Structure formats: structure tokens, C-alpha cells
Amino acid sequence: MIQPHRFNPCRSNRRRQTPRRGLAALVLVLALALLVGTFAIVIGKHAANSRKHERDQQMIALLESAIHTAQTIDNDLASDLRLPVDDKANVWIEVKLVDSDDQSKQIEATLVRNDRPGMSIRRQQRGNS
């Protein structure tokens, strides 16, 4: 014989709480994923900025070396000087003498890639007061 269905308040109440626990767990998982994702983005940006800073420092050192080389080759630097960096990649450094407003002469070194100028620095010409 089949027992008649009896109402059990604890059982029906348990069924109603299950979706809420599942929803709370889902919200917790999403919050944790957001936290981990934000942390990963911050770490990635920091690493990218660090690499960019290091690359810029290497470029500045290369340009300063080009200025020093140009001064040792030609103390007057009568004409522009083109120093090759990588012929296959079409990269070179242009070094030229620049007259500034205060009558002091400066040497400018510009990194050129595929006929497009890039980073540039200026330094006081050695021997100028």
C-alpha cells in the first residue's frame, strides 16, 4: 500500500534554501575570480612598465654612446653623422650639432627606424662653456 503524501515543513524549507546556498557560492566564486583577475592585471602592467623602463634606459645609453663616438671622431661635427645600428632592420642613429637659443651648442642623437625618427636626446657639446 502506498502511503499518502504528508506535508513535512522541514523538507520543503530545505528545498528552498538550496538555491540560495548555490547563489551565495556563485557570488563568492565570481568575487574571487574578479580579485584574482585584478591582481593578474596589476602584476602584468607592472612587469610591462618595468620592461619599458629598462628598454628606454638602454636606448638612452646607446644614444649617449653615439654622441660620445661622434665627439671623438669629429670634435667640430661639421656635418651630420649617421651611425648604423642594424642594417638588416634599417635602424641607425643620426648625430648632429644643434644651435640653441643661448648660443651654446648641443649635440642631438636620434634613433631612426625605417626612415622614421624615434627617441632623441641632446647633450652639451664637449669643450663648450
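Whatever comes next refers back to the structure up there.
Overview of the structure. Note that the coordinates shown come from a computational prediction; the quantities given were computed from them, not determined experimentally.

Bringing the sheet that holds strand S1 (residues 81-86) into the picture now. If you trace the four strands from one edge of the open sheet to the other, you get S1-S2-S3-S4, paired in antiparallel fashion. For this open sheet the edge positions go to S1 and strand S4 (116-124), each flanked by a neighbour on one side alone. Averaged over all adjacent pairs, the angle separating strand axes in this sheet is 25 degrees, with direction ignored. As paired strands, S1 and strand S2 (residues 91-99) are joined by five bridges and run antiparallel to one another. Across the sheet, residue leucine 81 finds its bridge partner in S2, namely valine 95.

On to the side chain of threonine 110. One can find threonine 110 in strand S3 (residues 105-113). With relative accessibility at 10%, the residue threonine 110 sits in the buried group. Only 3.1 Å separates the side chain of threonine 110 from the side chain of serine 120, close enough to count as a polar contact. For threonine 110, the contacting residues outside a window of four places in its chain are Leu63, Trp92, Ile93, Glu94, Pro117, Gly118, Met119 and Ser120.

In this section: the pattern of salt bridges. Within the structure shown, the criterion is met by four salt bridges. Lysine 52 is paired through a salt bridge with aspartate 56; the nearest N and O atoms lie 3.1 Å apart. Within this pair, lysine 52 and its partner aspartate 56 are both found in helix H1 (residues 9-73), separated by four residues, close to a single helical turn.

Thresholds, definitions, all that
- Residues numbered from 1 in each chain as written.
- Predicted model: local features only at pLDDT ≥ 70, side-chain atom pairs only at ≥ 80, totals over all residues.
- Heavy atoms only, no water.
- Pairing = 2+ DSSP bridges.
- Helix = DSSP H or I, 4+ residues; strand = E, 2+ residues; numbered from the N terminus.
- Axes fitted to C-alpha atoms, helices over the stretch in contact; angles between N-to-C directions.
- Buried < 20%, exposed > 50% of the residue type's maximum accessible area, 1.4 Å probe, protein only.
- Polar contact = N/O pair within 3.5 Å; in protein donor to acceptor, adjacent residues only side chain to side chain.
- Contact = heavy atoms within 4.5 Å.
- Salt bridge = Lys/Arg side-chain N within 4 Å of Asp/Glu carboxyl O.

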